[in-house]
Amino acid sequence: MIIPGTFGRDIAEVLADPGPRRQPLAGFDADYHDIVHYILKCTHRIWEQKDIGLIESHYAADCPIWTGAGPAQGVAGVVSGTLRTLAAFPDRTLIGEAVIWSGNDRDGFLSSHRIISTATHHGAGEFGPATGRSIAFLTIADCLCRANLIVEEWLVRDNSHIVLQLGLSPRAVAAASPPSTAARDWWASENARVHGAPALAVGDPMPDTAADPQAFVHWFAGAVIGRRRLAWMRQAYAPAATLAAPSGRRLIGHGEIIGWWTAFLSSFGDAQLVVDHVAVQPVSADPADGIDIAWRWTLAGHHDGPALYGPPSGRPVVVLGVSHWRIVRGVIAAEATVFDELAILRQVMEPA
Amino acid sequence: MSHVIARALGGDASAVLHGVQAEEGFAALVGRDAVLDRLRELAGQPAEQAVTIGNDAFLALPDAHLWARLEAGRIAALSIIADRDAGDANTLAAAHPCHRPLGELMSGRGQLAPMPGDGALGALIQAFAARVLPALAPMSSAMPDALLLPRTVLTLPDGAQAALCQLLGHSAGRRISLPVSLLIGPGGTLFAACHDPLALAAAPLRPFWPE
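Residues numbered from 1 in each chain as written. Chains lettered and ligands numbered in written order. Predicted model: local features only at pLDDT ≥ 70, side-chain atom pairs only at ≥ 80, totals over all residues.

Caption draft 1: Structural context of the overall build of chain B. Helix and strand counts for chain B come out as six helices and 10 strands. A globule of 211 residues ought to have a C-alpha radius of gyration of about 17 Å, and chain B, at 17 Å, matches this closely. Looking at chain B residue by residue over its 211 residues, the buried ones come to 44%. (Helix = DSSP H or I, 4+ residues; strand = E, 2+ residues; numbered from the N terminus. Rg over C-alpha atoms; globule rule 2.2 N^0.38 Å. Buried ≥ 20, exposed ≤ 12 C-beta atoms within 10 Å, placed from the backbone.)

Listed below in structure tokens is the structure:
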């Protein structure tokens, strides 16, 4: 049975979904009918209905949360972080663009939830005093879920786009919030993990995206990115493919997409990238609508190029990223890649 | 039942998904309320063309072309190309800073000539590149390196083609990237071209985001 995703569904219909339960969900609350329903409904209840306390029954007490800016742990931090964000952006709406999941209730579901938020900066918060500006920004939350609890989360948000829309300078905001010791330690361990990982053993030909989407992801990461065979992006992407990239960039076509990857990779000449998770789901019951792929990755390298993040600092940099692909007729028709460029700036601005 | 875009123009919220996103020029609208508010401003004109093929829908008004991407028959994404007066270009530009350009327009061709496209649209794109289409002169004269990238092409019942393209080029150090809409006869004759003079005039005036 195909679990319905966000395709063609209005949020009011998702929330009013009478069920029945569509897949085994041992330990989940009775009013959740499938993993997509769980993610969309609890997001609405916590963030839009402001039922912040619901976090207590939806996050494990010791849940680790990984962001580009460093790690956090525990449900208390999730509650306080949610309150702070809502104090700054009280009318935030969280429009679910996709929930791309894998797993099951025994081993855990991994849900990759892409959200476009609209919000007004009405209150003081992590980005400074209220500006009154209305903004929109992308977030992807990768959540490992078991028995109604999120037990681990990887959260990436386009913070540089938020900062730009608020009329602020990303470099100034990054400089005003230096990294914690925990963040520095995590970046160091991630750097070692990525550079210690063996190169992905992939061949040259592009795998069939429909027959083996996992192999396609590994080919893209290992060959196209890993071996810098950027020309092969013209096989992987439709000619008029779109890419939503950090800082709110909206790119179209092979030239702009390859251009963005070129600038990003040139910023970290020795960059290596590892694939941390892949999930694949059909877009709808109609195969012609294609498949959605979510893949989370970590990149590590040294800041030795000026293309995107200022003059080369030589500093080691770790990037936690999540990419979502809509595959139609065998090629990428649309991509959203999210990572925190403020976290990159904090790393390149670290004193030597 | 009337065309899905016509229903949206008439304010029928059920024609539009709550999470709809629309593009107009270089600006984006997010959410049903914002999109219906904008469509309300375009309503009241008779549709000259309206077609739905698969998940793509197209509707032509006398001074606007609308392209929709459908999900389960409802509008999930919308491109609005309206013939807006260019007089307020400075105001529009100031509200929409931009990034510096990344990448090239003609990917991977280097010194080679562009790959010829197929059919009537391909011929038209070549004619545009050769600057021999007076009807598209406002677009090409604004950018010496302008090109058209086809995004969605629909064959209409009368055999004509409707094409949503992206106009790409450079002006004043900015990457200009705007949707345009074309109606092409079976022989490659350009019936109509719809572009947004306001967005075209404003694009080179946009301030850069701080770096």
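Caption draft 2: Representation of helix H9 (residues 253-266) of chain A in the model. The first and last C-alpha atoms of H9 of chain A sit 20 Å apart over 14 residues, in line with the 20 Å expected at 1.5 Å per residue. Buried positions along H9 of chain A lie against helix H8 (233-236), strand E7 (237-245) and strand E8 (249-252) of chain A together with strand E7 (147-155) and strand E8 (161-171) of chain B. (Expected span 1.5 Å × (residues − 1). Contact = placed C-beta atoms within 7 Å.)

Caption draft 3: Quick peek at the nonpolar core. Membership of the largest hydrophobic core comes to 176 residues, with the highest contact counts inside it found for Ile257 and Ile293 of chain A together with Ala8, Ala68, Ile75, Leu167 and Val180 of chain B. Considering each element in turn, this core owes the most residues, nine residues, to strand E5 (residues 134-146) of chain A. Among residues more than four places away in sequence, those in contact with Ile293 of chain A are Ile100, Pro213, Val217, Val278, Val280, Trp325 and Ile327 of chain A. (Core = buried A, V, L, I, M, F, W, Y, C linked by C-beta atoms within 7 Å.)

Caption draft 4: A look at the interface of chain A and chain B. Tallying the contact residues gives 29 residues for chain A and 24 residues for chain B. If one sorts the elements of the side of chain A that touches chain B by residue count, H9 of chain A sits on top with nine residues. Taken together, the residues of the side of chain A that touches chain B break down into 14 nonpolar, 10 polar and five charged. (Nonpolar A, V, L, I, M, F, W, Y, C, P; charged D, E, K, R; others polar.)

Caption draft 5: Spotlight on the environment of Leu166 of chain A. Residues and elements named next belong to chain A. Along the chain, the position of Leu166 falls in the loop between helix H4 (159-165) and helix H5 (170-176). Linking Leu166 and Gly19, residues 147 residues apart in sequence, is a C-alpha distance of 41 Å. Excluding anything up to four places from it in sequence, Leu166 contacts His121, Phe127, Thr131, Arg133 and Ile135.

Caption draft 6: Layout of the domain arrangement of chain B. Residues and elements named next belong to chain B. Partitioning chain B into domains gives domain 1 (4-82) and domain 2 (86-205). With 15 residues of domain 1 at the interface, the matching set in domain 2 holds 17 residues. Counting only elements with at least two residues in the side of domain 1 that touches domain 2, the list comes to strand E3 (49-53), strand E4 (56-61), strand E5 (64-71) and strand E6 (74-82). (Domains from an automatic or database assignment.)

Caption draft 7: Representation of the sheet that holds strand E10 (residues 291-302) of chain A within the structure. All names here are of chain A. Read across the sheet, six strands follow the order E8-E7-E12-E11-E10-E9 without closing on themselves; strand pairing throughout is mixed. Two strands close off the open sheet at either side, each with one partner strand: E8 and strand E9 (272-282). Across this sheet, the average inter-strand angle for adjacent strands is 15 degrees, counted without regard to direction. Where E7 and E8 come together, four bridges link them in antiparallel fashion. From the neighbouring strand, Thr242 faces E8, where its bridge partner is Ile252. In the packing of helix H7 (residues 213-225) onto the sheet, contacts are made with E9 and E10, and the angle to E9 comes to roughly 155 degrees. (Pairing = 2+ DSSP bridges. Axes fitted to C-alpha atoms, helices over the stretch in contact; angles between N-to-C directions.)

Caption draft 8: Spatial organisation of the environment of Gly185 of chain B. Residues and elements named next belong to chain B. One can find Gly185 in the loop between strand E9 (174-184) and strand E10 (190-194). In the structure, Gly185 is positioned 89 residues away from His96 in sequence and 36 Å away in space, judged by C-alpha atoms. Filtering out sequence-adjacent residues up to four positions away, Gly185 remains in contact with Ala160 and Phe191.

Caption draft 9: Representation of the pairing of strand E2 (residues 70-73) of chain A within the structure. All names here are of chain A. As defined by bridge partners, strand E1 (residues 64-67) adjoins E2 across four bridges and the pair is classed as antiparallel. Among the inter-strand pairings, Ile65 is bridged to a residue of E2, identified as Ala72. In this antiparallel pair of consecutive strands, E1 and E2, the connection spans two residues.

Caption draft 10: Molecular detail of the sheet that holds E6 of chain B. Residue and element names in this part refer to chain B. Overall, mixed pairing links the six strands, which are arranged E2-E1-E6-E5-E4-E3 in an open sheet. Either end of the sheet is taken by a strand with one partner, and the two such strands are strand E2 (27-30) and E3. Mean inter-strand twist for the sheet, computed between neighbouring axes without regard to direction, equals 15 degrees. As paired strands, strand E1 (residues 16-24) and E6 are joined by five bridges and run parallel to one another. When the bridges of E6 are listed, Val16 appears paired with Ile75. Relative to the sheet, helix H2 (residues 32-42) contacts E1, E2, E4, E5 and E6, its axis offset from that of E1 by approximately 60 degrees.

Caption draft 11: The arrangement of the environment of Thr6 of chain A in detail. Residues and elements named next belong to chain A. In this structure, Thr6 sits in the segment before helix H1 (11-15). In this structure, the C-alpha to C-alpha distance between Thr6 and Val283, residues 277 residues apart in sequence, is 8.3 Å. Discounting chain neighbours no more than four positions away, the residues touching Thr6 are Gly96, Glu97, Ala98 and Val99.

Caption draft 12: Structural view of the confidence of the model for chain B. Here chain B shows a mean pLDDT of 95. Residues at 70 or above account for 100%. Reported confidence for the predicted complex is 0.96 by ipTM and 0.97 by pTM. (pLDDT = per-residue confidence, 0-100.)

Caption draft 13: A look at the domain arrangement of chain A. Residues and elements named next belong to chain A. With domains assigned, chain A is organised as domain 1 (11-179) and domain 2 (185-348). Averaged C-alpha coordinates put domain 1 and domain 2 at centres separated by 23 Å. Taken together, the contacts link 32 residues of domain 1 with 27 residues of domain 2. Going through the elements one at a time, E1, E2, strand E3 (93-104), strand E4 (108-120), E5, strand E6 (149-157), H4 and H5 are the ones with two or more residues in the side of domain 1 that touches domain 2.

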